[in-house]
Each structure stands twice: as C-alpha cells, then as structure tokens.
Amino acid sequence: MRILSVAAAFLGTASAFSPITVAPRAFSHTALKMATQDELKQQVGYKAVDDYVKSGMVVGLGTGSTAYFAVERVGQKLKSGELKDVICIPTSVRTKEQAESPD
C-alpha cells in the first residue's frame, strides 16, 4: 500500500508528495473470533446474577433467551452452595420448569 507522506515533507526529509511504502498487516480470520449472540446473552445473564443476586434474596426469574442464562446461573450457584436461601419467583411456566429441572 502506498501512502503520501505529508509528515515527511514537514520534517524536510522528502517532498510534499513523496510516496512511502507501508507493508500490509497480516490478518488471520482465526485470530479474531466474534462472540455469537447466544454467547453474549450468556455473558450478560451470568454477570447479572454474579453481580446482583445474593443469598437470602427474593429473585424474580424472567422469561426469554437472556433470562434463560440467568436462571441457569442461579441454579449453578445454588447447587455449588455459593448461594443459599434464595426464593425464586418465575414469570412463566417455561421458566418454572427450567428452574425445577435438575440440570
């Protein structure tokens, strides 16, 4: 790629329109992995539980694709003993079934 070096002209090392050569940067598609929408939703759901849900709380369990991951995280923390005495109130039958499942 060739770029005109205006800075070089001001420094007196080249004329105002003297081109310089810049080597293109290597780019690997495998080095840059974008998170999928589900991965982002999982991160958000988990972070909400990690940051805000504490033992002894009454927690409303929402419905939807992001809430699914929050419910999953509450279950993980209850199972590990990190959370205790949490009362959960589901907003739908589907969320209730997820919360009651042993997985």
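Residues numbered from 1 in each chain as written. Predicted model: local features only at pLDDT ≥ 70, side-chain atom pairs only at ≥ 80, totals over all residues. Heavy atoms only, no water.

Visitor: Help me understand the overall build of the protein in this model?
Guide: Check the secondary structure of the protein and you find 4 helices and 4 strands. Mapped from its N terminus to its C terminus, the protein presents α and β elements in the order β-α-β-α-β-α-β-α. Counting all 103 residues of the protein, 17% fall into the buried class. Across the protein, every contact between residues at least 6 apart in sequence was considered, and the portion connecting residues at least 24 apart equals 59%. (Helix = DSSP H or I, 4+ residues; strand = E, 2+ residues; numbered from the N terminus. Buried < 20%, exposed > 50% of the residue type's maximum accessible area, 1.4 Å probe, protein only. Contact = heavy atoms within 4.5 Å.)

Visitor: Can you walk me through the pairing of strand E3 (residues 58-61) in this structure?
Guide: Walk down a regular strand and you will see the side chains alternate between the two sheet faces. Of the two faces of E3, only one is covered, namely that formed by Val-59 and Leu-61; the face formed by Val-58 and Gly-60 stays uncovered. Two strands pair when backbone bridges link them, and E3 and strand E4 (residues 87-90) are joined in this way by 4 bridges, in the parallel orientation. Counted as the bridge partner of Gly-60 is Ile-89 from E4. Crossover E3 to E4 through helix H3 (residues 65-80) is right-handed. (Pairing = 2+ DSSP bridges. Right-handed = clockwise from strand over helix to strand, strands pointing away.)

Visitor: What am I meant to see in the pattern of salt bridges here?
Guide: In a structure, side chains of opposite charge can pair up when their charged atoms sit close to one another. Within the structure shown, the criterion is met by 6 salt bridges. Taking the shortest distance from any N to any O, the salt bridge between Lys-33 and Glu-39 comes out at 3.5 Å. The partner of Asp-50 in a salt bridge is Lys-77, and the shortest N-O contact between them spans 3.2 Å. Here Asp-50 is found in helix H2 (residues 37-52), whereas its partner Lys-77 is found in helix H3, with 27 residues between them in sequence. Overall, Asp-50 belongs to the partly exposed group, its relative accessible area being 30%. Through salt bridges with shared partners, a single ionic network connects Asp-50, Arg-73, Lys-77 and Glu-82. (Salt bridge = Lys/Arg side-chain N within 4 Å of Asp/Glu carboxyl O.)

Visitor: I'm lost on unusual backbone geometry in this one. Help?
Guide: Excluding glycine, most residues fall at negative phi; most peptide bonds, likewise, are trans. A positive phi angle, near 55°, is found at Asp-85, a position not held by glycine. Inspection of the secondary structure assignment puts Asp-85 in the loop between H3 and E4. For Asp-85, a relative accessible area of 69% puts it in the exposed group.

Such coordinate-based values are descriptive only and should not be taken to indicate function.
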